[in-house]
Amino acid sequence: RNLSKFLQFCGPKKLLNSYFAIMNRFLLAITACFLLQQSEKCFAAEASSHYSASANLVRLVKRETSVVPVTTHDNEQYYQITVHHDLNRYNNLIKEFDLAFALPNVVSKTNISSWNVSTRVQLKFSFYFYGHRVSRISISTNGFMTIWEDGHEPGPHPQYIAPFMANFGSMTNQSGLENDTAAESKPVASLTYVATNTSVWVRWANLPLMLGNGTELRLSFQGVIFQNGTMLFQYYDIPSKLSKAVPTAKAGVADVFNYEEDVKALNEKVLDIFVHRAENISLEEIVNVSIAQVVALPTCGEKKYCSTCMNASLTPTFKCSWCFQRGSCITETQRQLRSWLDYSCHYPSDKKCQLDGPSSIADAVTRGVLGFFLALFIAVLVGLIIFVLVYGYRRPDSGIGQCLARTRLQLREKFMGTPRLTSAFYSTSTGSTVRLE
């Protein structure tokens, strides 16, 4: 009955016109999709959106297609590099390396014939690298280290911890070096490393570098990573004018990470790439008897409390935000961004930081300790007073008992006046009791 009323109201002519209009738009949309060579994404042509966390801002990033990865460059400074040419510092570090490589768990690979080969090392400690914890690294024969991560695919943006990263063992098509290694003397190339409970020490010795004119160079250097994130690169066998011979080489630190985001509108995953700011060492400063000190600056990921996270003076180069749902501190381009979005941390919160920082905890502990000792002192004092009173009452002949008796008489005289001593006896002559005062 409802259908008949609908047909009477609309009429078959209006229904046919609506049907042809819908089909016309459908055919036009299909034709446009084929012309754009993305018909498989036609029905999801609307731009997808994804949120990225900021201090107090939600940034909406629009995408037209999911084929091209979205790359975000981070210009915040994570490291500060200083190159030293102090001979005393250099000799002291040489001794520390020698002591480290004298440990029994040292691993040494000599007669290297395969290049660009990495060895994975599980560290006994973790350190902060670009604001996130790292406990696994890969050591390459090409003079650098990388972060060993599951599912991280290499891309156009490099990731490295490099004392000197170059294409060793191959032609560089460059020339112009002085003090070249003689062709007849070819020292054995080796890679040596040892991991302790608080550091990892790596030495690259006699790495061959071939120039375009057939000249072979040999480079030797070493590096150490400490638990606090500080790194030291030491150079002890470096040819002169190295920057002119190998201009494509790199030395320093760089990081990049990516994650796949599920886009429901496209019914597929989109690759997001975050490229951190690289801190490189000038190749002109890499000479013999030189040390490069790479110091990690404070980042948001190291803050464990809301009050320290929101304190801008502790991390002046970052805008840190605290997620109350997740209980963590993060900035816009850190690896915890995926969980940050999953917990909806990018939405503003009405909550405020409580007194939860390290200083407040120390104050609370101090107050608790003082309160405990004060209560203990009062309990001991009260117990001592009770003991003295009970002892003096039970032993009136003791010094404490006599002292208490005298004190009691003095207090009585002070507040009640001098007591009158009375005695009474029975008189047989009168047959009555006589009282004497």
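Residues numbered from 1 in each chain as written. Predicted model: local features only at pLDDT ≥ 70, side-chain atom pairs only at ≥ 80, totals over all residues. Heavy atoms only, no water.

### Observations regarding the overall build of the protein chain
Thinking step 1. Counting its regular elements, the protein chain contains seven helices and 22 strands.
Thinking step 2. Per-residue burial over the protein chain gives 38% buried out of 437 residues.
Thinking step 3. Across the protein chain, contacts joining residues at least 24 apart in sequence account for 62% of those joining residues at least 6 apart.
Thinking step 4. Just so you have it, the protein chain exposes about 26,600 Å², and 56% of that area is on carbon and sulfur atoms. (Helix = DSSP H or I, 4+ residues; strand = E, 2+ residues; numbered from the N terminus. Buried < 20%, exposed > 50% of the residue type's maximum accessible area, 1.4 Å probe, protein only. Contact = heavy atoms within 4.5 Å. Areas by Shrake-Rupley, 256 points an atom, 1.4 Å probe, with all protein chains shown as cover.)

### Some remarks on the environment of glycine 143
Thinking step 1. Counting through the fold element by element, glycine 143 comes out in the loop between strand S7 (132-140) and strand S8 (145-147).
Thinking step 2. Taking relative accessible area as the criterion, glycine 143 reaches 0% and is therefore assigned buried.
Thinking step 3. When the C-alpha positions of glycine 143 and glutamine 222 are compared, they lie 8.8 Å apart, and in sequence the two are 79 residues distant.
Thinking step 4. Dropping the residues within four chain positions of it, glycine 143 is found in contact with Ala162, Pro163, Phe164, Met165, Phe168, Trp204, Leu207 and Phe221.

### Here's the deal with the side chain of serine 140
Thinking step 1. Along the chain, the position of serine 140 falls in strand S7.
Thinking step 2. You can call serine 140 buried: its relative accessible area is 0%.
Thinking step 3. Contacts of serine 140, omitting those with residues within four sequence positions, involve Asn116, Val117, Ser118, Leu191 and Trp204.

### Brief notes about the nonpolar core
Thinking step 1. Within the largest apolar cluster, 55 residues are counted, with the highest numbers of intra-cluster contacts made by Phe127, Phe129, Ile137, Ile161, Phe164, Met231 and Tyr235.
Thinking step 2. Formed by 10 residues, the second largest nonpolar core is a distinct cluster that contains Phe97, Ala100, Phe101 and Val194. (Core = buried A, V, L, I, M, F, W, Y, C linked by side-chain atoms within 4.5 Å.)

### Some details on the UniProt feature "transmembrane region" (unreviewed entry) in the protein chain
Thinking step 1. The UniProt record annotates "transmembrane region" (unreviewed entry) at residues 369-391.
Thinking step 2. Between the C-alpha atoms that bound residues 369-391 the distance is 33 Å, and the span itself is 100% helix and 0% strand. (UniProt positions renumbered as here; feature names shortened; annotations may be inferred.)

### Overview of helix H2 (residues 87-101)
Thinking step 1. Compared with the 21 Å implied by 1.5 Å per residue over 15 residues, the 21 Å span of H2 between its first and last C-alpha is a close match.
Thinking step 2. Every buried residue belonging to H2 is among Tyr90, Leu93, Phe97, Ala100 and Phe101, and all of these are buried. Buried residues of H2, viewed axially, fall in a sector of 90°; they line one side. Opposite the buried face of H2, at more than 90 degrees from it, the exposed residues are Asn88, Lys95 and Leu99.
Thinking step 3. Buried positions along H2 lie against strand S10 (190-195), strand S11 (199-210), strand S12 (216-226), strand S13 (231-237) and strand S18 (290-296).
Thinking step 4. The opening residue of H2, the one whose side-chain oxygen lies 3.3 Å from the backbone nitrogen of asparagine 88, is aspartate 86. (Expected span 1.5 Å × (residues − 1). Arc of directions from axis to C-beta. Polar contact = N/O pair within 3.5 Å; in protein donor to acceptor, adjacent residues only side chain to side chain.)

### Here we look at the packing of aromatic side chains
The relation between two aromatic rings is expressed through the spacing of the ring centres and the mutual angle of the planes.
Thinking step 1. Throughout the structure, instances matching the rule amount to 16 aromatic pairs.
Thinking step 2. Each ring, one from phenylalanine 129 and one from tyrosine 130, has its centre 4.9 Å from the other, and the planes form 80°; the classification is edge-to-face.
Thinking step 3. Exposure remark for phenylalanine 129: the relative accessible area of 0% places this residue in the buried category.
Thinking step 4. Of the aromatic side chains, those joined through ring pairs into one cluster are Phe164, Phe168, Trp204, Phe221 and Tyr235. (Phe/Tyr/Trp six-rings, centres within 6.5 Å; stacked < 30°, edge-to-face > 60°.)

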